[in-house]
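Residues per chain, in single letters:
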Amino acid sequence: MLLEKVGIALLMMFLSTMIHALFMIGGSHALDWRLARFGHPRGQFDKAVLVWALTIWMFFAIVIEVWLWALVYLYSPELTDLRDPHTAFYFSMVTFTTLGYGDVVLSVDWRTLASIQAANGVIIFGWTTALIFYFIQKIYKRH
């Protein structure tokens, strides 16, 4: 039933969004704390390391979101034959990034779920890119 698939996908998108929002808030607060406590980094290397740390922080959020999608695939045998965690995570990451190799696919009735996951990934990666630019602006802001 299409409604069931869309419902599962919307729930997963909600969870992804909440996780990403929490990581965004955490990263932003950490950056504000760092800048208030120590001031803006002076050297280019220090600025680059701070951008890198925030990028890794947001990527960690993406990995958690991908794992949540993978768990849906892994523990829902009616959706897919993805029976091991490695394959479920691989499929989920390839789908979330919209790379879509096609070497692992869901059953015909559930492919809509994967397409919605890909749309979720596009939104999350766009959001992450915007956040990284926001962080860069704050780090490189001239006083």
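This structure is a prediction, so every number in the text was calculated from the model and none was measured.

### Let's talk about the overall build of the protein chain
Each helix and strand counted, the protein chain has four helices and zero strands in total. When the helices and strands of the protein chain are listed from N to C terminus, the series reads α-α-α-α. In the protein chain, which comprises 143 residues, the proportion classed as buried is 40%. Sequence-distant contacts, at least 24 apart, represent 70% of the contacts inside the protein chain between residues at least 6 apart. For the protein chain, the accessible area works out to roughly 8400 Å², and carbon and sulfur atoms hold 70% of it.

### Focus on the pattern of salt bridges
Enumeration over the complete set of coordinates arrives at one salt bridge. Asp32 is paired through a salt bridge with Lys138; the nearest N and O atoms lie 2.2 Å apart. One end of the pair, Asp32, is in helix H1 (residues 2-38); the other, Lys138, is in helix H4 (residues 111-139), and 106 residues separate them in sequence. Taking the relative accessible area as the measure of exposure, Asp32 reaches 31% and is therefore partly exposed. Look at Lys138 and you get buried, because its relative accessible area is 18%.

### A word on the packing of helix H3 (residues 85-96) against H4
Following both chains from N to C, one finds H3 and H4 inclined at 60 degrees, their axes separated by 7 Å at the closest point. The pairing of H3 with H4 is recorded here as oblique in orientation. Contact residues: Phe91, Ser92, Thr95 and Phe96 in H3; Ala114, Gln117, Ala118, Asn120, Gly121, Val122, Ile124 and Phe125 in H4. Its residues assigned to classes, the contact of H3 with H4 comprises seven nonpolar, five polar and no charged.

### Quick look at H3
Here H3 spans 16 Å end to end across 12 residues, near enough to the 16 Å set by a 1.5 Å rise per residue. Every buried residue belonging to H3 is among Ala88, Phe91, Ser92, Met93, Val94, Thr95 and Phe96, and all of these are buried. If you follow the buried residues of H3, they end up packed against helix H2 (44-74) and H4. Immediately downstream of H3, the backbone of Thr98 shows phi near 65 degrees, a positive value.

### Quick word on the packing of aromatic side chains
Throughout the structure, instances matching the rule amount to nine aromatic pairs. Its end group placed over the ring of Trp110, Lys5 keeps NZ or CZ at 5.3 Å from the ring centre.

### Focus: the layout of surface pockets
Estimated volume of the largest pocket: approximately 180 Å³. For the largest pocket, the lining is made up of 15 residues, of which Phe91, Thr95, Gly100, Val104 and Ala114 are closest to its centre. Among the secondary structure elements, those contributing two or more residues to the lining of the largest pocket are H3 and H4. The residue makeup of the lining of the largest pocket, split by class, is nine nonpolar, four polar and two charged.

About the criteria used
Residues numbered from 1 in each chain as written. Predicted model: local features only at pLDDT ≥ 70, side-chain atom pairs only at ≥ 80, totals over all residues. Heavy atoms only, no water. Helix = DSSP H or I, 4+ residues; strand = E, 2+ residues; numbered from the N terminus. Buried < 20%, exposed > 50% of the residue type's maximum accessible area, 1.4 Å probe, protein only. Contact = heavy atoms within 4.5 Å. Areas by Shrake-Rupley, 256 points an atom, 1.4 Å probe, with all protein chains shown as cover. Salt bridge = Lys/Arg side-chain N within 4 Å of Asp/Glu carboxyl O. Axes fitted to C-alpha atoms, helices over the stretch in contact; angles between N-to-C directions. Parallel < 35°, antiparallel > 145°, perpendicular 65-115°, else oblique. Nonpolar A, V, L, I, M, F, W, Y, C, P; charged D, E, K, R; others polar. Expected span 1.5 Å × (residues − 1). Phe/Tyr/Trp six-rings, centres within 6.5 Å; stacked < 30°, edge-to-face > 60°. Lys NZ or Arg CZ within 6 Å of the ring centre and 35° of its normal. 1 Å grid on protein atoms, 1.4 Å probe; cavity = no way out; pocket = protein on both sides within 12 Å on 5 of 7 lines; lining within 4 Å. Points joined across faces, edges and corners; volume = space filled by probe spheres on them.

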